[in-house]
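Chain by chain, the residues run as shown.
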Amino acid sequence: MADRVTLEKGSELVINHNNVKTVTSHFFPDHETAIQEIFKALKKHHIIKDLTTIKAVGHRIVHGGSIFREPVLATPAVIVKLKALIPLAPLHNPAGLAVLKVVMKMISAPNILVFDTSFHNTIPELHRLYPVPWKWYQENAVKKYGFHGISYQYIVTMLEKLNDHKPVNAIICHLGNGSSVAVVEKSKSLNTTMGLTPIGGLMMGTRCGTIDPSIHNYIATARNLSLTEITHQLNKKSGLLAISGISSDMRDIEKKAFTEKNHRAQLALNIYAQKVADYVAKYTNNLMTGPLQYLVFTAGIGENSQTMVQNILGRLPILALKLNAHPVKKANHILLTNSASPITAMVMKTNEELMICKITAAFTTQNNNEQ
Ligand code: AMP
């Protein structure tokens, strides 16, 4: 895994093989460099002999729009359609396409595209539609798509194992550089915070999340900015970075908040926690079949920042959770609540890479069988 791609400091290449984790410092100016370094490391660590031994490559593509609802084999025609979706995910789809281009040049194996939007295909109209002119929906496909679907799918699979392999009702907080919350009813996505694009919902590392839609027009006039520039600032210069004035990275902000009692760092942490708690509380009201069973925290912040998870839980008295004095380490999660709690709260490590591999393997096996 290549971490902190495009950031100047602290980038790492992490290779996890046979339960041995090797971390090396790197600088990845772009995603192409990152993927080339990953291939070099796979050979160096004898995970692959050479690139011809790779049978298929699975790619995470953030936005599948209305076109791609299921995984698909990358072809020139598919790439043309993907390019048309860039305006919907300007931070992500270009990086995904750049990596795909590099991999297609280097490897002749099939490339399978797995979409973050697919898991949310089940969101009903009730939660999917925006109250905007109907033509925007009919003619321009303006609606909620939702993201982090690969991560949610992985977590749901793991929760089902804890639930005697039965479907689950859960609220999952995927808290990373990109952050979202999803409510899952009978293992299917019912609602999620991100919308037409991955900027909606929660405040994130550099993204503003849901804000008053009039801000665009007001700021365009007040600061003489174009819509493109405003959209860029809301995607890249907002969120934790903007409030803290320090960094988009939770580790940097926590350091300043806790060691220096920096006010803006503390404010950034508290606004973030409040917004997560607000959506969790709202989503308990979305579930119609049976009670909420699980509340899960995952991704970089959810898995690693105990203080943030505690901050969020402290804002959720409505859930009446019975918290363990000390979290209990289990095989695949950390249990935060005791057996008297009406809802089981936990920290669970997501594994999008494994989920993509499983989907890719299933796709290629099915296609080989059909040929
Ligand atoms: P992700 O996008 O899932 O890789 O998550 C990245 C976010 O997780 C960044 O804001 C990191 O600062 C945060 N993160 C990773 N490790 C830690 C940690 N030990 N404590 C606090 N935040 C962390």
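Predicted, not measured: the structure shown is a model, and the values here were computed from it.

Okay, helix H7 (residues 215-222) next. The element H7 is barely covered by neighbouring structure, given that only zero of its eight residues are classed as buried. Phi turns positive one or two residues past the end of H7, at Asn224, with a value near 55 degrees.

This part takes up the site of the ligand. The environment of the ligand is formed by Gly176, Asn177, Asp249, Met250, Arg251, Glu254, Ala299, Gly300, Ile301, Asn304 and Ser305. In isolation the ligand exposes 500 Å². Once the protein is present, 75% of that is buried. Every element with two or more residues in the shell around the ligand is listed here: helix H10 (250-259) and helix H12 (299-304). Per-element accounting of the shell around the ligand gives the leading share, four residues, to H12. A per-class count over the shell around the ligand returns three nonpolar, five polar and three charged.

What follows deals with the pairing of strand E6 (residues 111-115). Here E6 lies mainly inside the structure; five of its five residues are buried. Of the two faces of E6, the one holding Asn111, Leu113 and Phe115 and the one holding Ile112 and Val114 are both buried throughout. In the sheet, strand E4 (residues 57-61) pairs with E6 via five bridges, with the strands oriented parallel. Residue Arg60 lies in a different strand from E6, and its bridge partner there is Val114.

A sheet is described by the order of its strands in space; here three strands give the open sequence E4-E6-E5, paired in mixed fashion. Only two strands of the sheet have a single neighbouring strand rather than two, namely E4 and strand E5 (72-73). Bridge count between E5 and E6: two bridges; the pairing is antiparallel. In the sheet register, Leu73 faces E6, and the bridge partner there is Ile112. In this fold helix H3 (residues 93-106) packs onto E4 and E6, with an angle of close to 165 degrees to the strand it touches most, E4.

Evaluated as defined, the whole model comprises four aromatic pairs. Between the aromatic rings of Phe119 and Tyr152, the centroid separation amounts to 6.4 Å while the plane-to-plane angle is 35 degrees, which identifies the pairing as tilted. With Phe119 in the loop between E6 and helix H4 (125-128) and Tyr152 in helix H6 (residues 149-162), this pair connects stretches of sequence that are 33 residues apart. Of the two residues examined, Phe119 and Tyr152, each falls in the buried class. Arranged with centres 6.1 Å apart and planes meeting at 50 degrees, the rings of Tyr279 and Tyr283 form a pair that is tilted.

Quick look at the layout of surface pockets now. Counted as a void, the second largest pocket has a volume near 1200 Å³. Among the elements of the structure, H4, strand E9 (188-192), helix H8 (227-236) and helix H11 (263-284) are those that each provide at least two residues to the lining of the second largest pocket. The element best represented in the lining of the second largest pocket is H8, accounting for four residues. For the lining of the second largest pocket, the residue count by class is 18 nonpolar, 13 polar and four charged.

On to the nonpolar core. With 38 residues, the main nonpolar core has Leu295 and Phe297 as its most contacted residues. If you list the elements that add at least two residues to this core, you get strand E7 (170-175), strand E8 (179-185), H10, H11, strand E10 (294-298), helix H13 (306-313) and strand E13 (344-347). Tallying contributions element by element places H11 first for this core, with ten residues. Discounting chain neighbours no more than four positions away, the residues touching Leu295 are Ile171, Cys173, Val280, Leu313, Leu319, Leu321, Ile343, Thr344, Ala345 and Met346. Counting residues in each nonpolar core, the second largest holds 21 residues, with Val114, Tyr294, Met348 and Ile356 among its members.

Once that is clear, we can look at the state of the cysteines. In this structure the tally under the stated criterion is zero disulfides. No disulfide involves Cys173; its sulfur sits 19 Å from the nearest other cysteine sulfur, which is in Cys208. The buried category is assigned to Cys173, whose relative accessible area is 0%. For Cys208, a relative accessible area of 14% gives the class buried.

In this section: the pattern of salt bridges. Per the stated rule, a full pass over the model turns up five salt bridges. Residues Asp249 and Arg251 are paired through a salt bridge, measuring 3.0 Å at the closest nitrogen-oxygen approach. Lys256 serves as the salt-bridge partner of Glu260, at 3.5 Å between the closest nitrogen and oxygen. You can call Lys256 partly exposed: its relative accessible area is 30%.

Moving on, we get to the sheet that holds E8. Pairing in this open sheet of seven strands is mixed, and the strands run E9-E8-E7-E10-E13-E12-E11 from one edge to the other. Looking along the sheet, the strands with just one partner apiece sit at the ends: E9 and strand E11 (323-329). Adjacent strand axes in the sheet meet at a mean angle of 20 degrees, parallel and antiparallel pairs treated alike. When E7 meets E10, the two strands line up parallel, connected through five bridges. Considered in E10, the bridge of Cys173 is made with Phe297.

Let us look at the packing of H11 against H13. To describe two helices that pack against each other, one gives the angle between their axes and the distance between the axes. Relative to each other, H11 and H13 sit at 55 degrees, their axes nearing to 8 Å. Put simply, H11 runs oblique to H13. In the packing of H11 onto H13, the handedness of the crossing is right-handed. Of H13, the residues touching H11 (which contributes Leu269, Asn270, Tyr272, Ala273, Val276 and Ala277) are Met308, Asn311 and Ile312.

Reading the values: the criteria
Residues numbered from 1 in each chain as written. Predicted model: local features only at pLDDT ≥ 70, side-chain atom pairs only at ≥ 80, totals over all residues. Heavy atoms only, no water. Buried < 20%, exposed > 50% of the residue type's maximum accessible area, 1.4 Å probe, protein only. Helix = DSSP H or I, 4+ residues; strand = E, 2+ residues; numbered from the N terminus. Near = heavy atom within 4 Å. Areas by Shrake-Rupley, 256 points an atom, 1.4 Å probe, with all protein chains shown as cover. Nonpolar A, V, L, I, M, F, W, Y, C, P; charged D, E, K, R; others polar. Pairing = 2+ DSSP bridges. Contact = heavy atoms within 4.5 Å. Axes fitted to C-alpha atoms, helices over the stretch in contact; angles between N-to-C directions. Phe/Tyr/Trp six-rings, centres within 6.5 Å; stacked < 30°, edge-to-face > 60°. 1 Å grid on protein atoms, 1.4 Å probe; cavity = no way out; pocket = protein on both sides within 12 Å on 5 of 7 lines; lining within 4 Å. Points joined across faces, edges and corners; volume = space filled by probe spheres on them. Core = buried A, V, L, I, M, F, W, Y, C linked by side-chain atoms within 4.5 Å. Disulfide = S-S within 2.5 Å. Salt bridge = Lys/Arg side-chain N within 4 Å of Asp/Glu carboxyl O. Parallel < 35°, antiparallel > 145°, perpendicular 65-115°, else oblique. Left-handed = near helix turned anticlockwise from the far one by under 90°.

Limitation: the analysis is restricted to geometry and does not speak to function.
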